[in-house]
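Structure at a glance
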Amino acid sequence: MRAVDWCRSSAGAVLVLATSSDAEHPAESVADGSSKTFWTTTGMFPQELIIGFPKCVKISKVAIQCYLVRTLRIERSTSKDPVGFEQCVEKDLQHREGQLQMEEFPLPEFQATYLRFIIKSAFDHFVSVHRVMAEGTAENT
């Protein structure tokens, strides 16, 4: 079975929650598949967003394209509702002035119906998240 990026809106992903809102840079931008659009936070940390999948999926790799993120935690849930999250990974990211941070997290394959991305701290007052990706296959039900 071919791997799919389950965080894309074209794959059925839905933005369930974002802790900040900007009309010009909405959180839904993280799921449109483009690095040119982005969600921007409005200050204060932590900030988070939750992406819901159309069904339970097997994820083998998670990635993010962002700017000015210092510490990121990724959590998963297999619940029908976005509750009961378990930590997958937490990492301090490197910052290079003027360049997007592109971080891949190869993880042991896991099931998920939701992913929560928590930006625990940043290199500045605001950050941008351009894309989140979760590569995997549909879970046989």
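Above this text is the structure in question.
The present account deals with the structure reproduced in this document. Here the structure is a predicted model, which is why all the values come from computation and not from measurement.

1. What about the pattern of salt bridges?
The tally for this structure, following the rule as stated, stands at 10 salt bridges. Among the salt bridges present, the one from Glu135 reaches Lys61, with a minimum N-O distance of 4.0 Å. Of this pair, Glu135 sits in strand β8 (residues 128-138) while Lys61 sits in strand β4 (residues 47-67), and the two are 74 residues apart along the sequence. Judged by relative accessible area, Lys61 falls into the partly exposed class, the value being 24%. Residues Arg76 and Glu86 are paired through a salt bridge, measuring 3.0 Å at the closest nitrogen-oxygen approach. Here the residue Arg76 occupies a position in strand β5 (residues 69-77), and Glu86 occupies one in strand β6 (residues 86-92), the gap between them amounting to 10 residues. Taking the relative accessible area as the measure of exposure, Glu86 reaches 45% and is therefore partly exposed.

2. Looking at the nonpolar core
Core analysis: the largest hydrophobic core is formed by 34 residues, its most contacted members being Ile51, Phe53, Leu72, Leu115 and Phe117. Among the secondary structure elements, those contributing two or more residues to this core are β4, β5, β7 (101-122) and β8. A per-element tally of this core places β4 first, with 9 residues.

About the cut-offs
- Residues numbered from 1 in each chain as written.
- Predicted model: local features only at pLDDT ≥ 70, side-chain atom pairs only at ≥ 80, totals over all residues.
- Heavy atoms only, no water.
- Salt bridge = Lys/Arg side-chain N within 4 Å of Asp/Glu carboxyl O.
- Helix = DSSP H or I, 4+ residues; strand = E, 2+ residues; numbered from the N terminus.
- Buried < 20%, exposed > 50% of the residue type's maximum accessible area, 1.4 Å probe, protein only.
- Core = buried A, V, L, I, M, F, W, Y, C linked by side-chain atoms within 4.5 Å.

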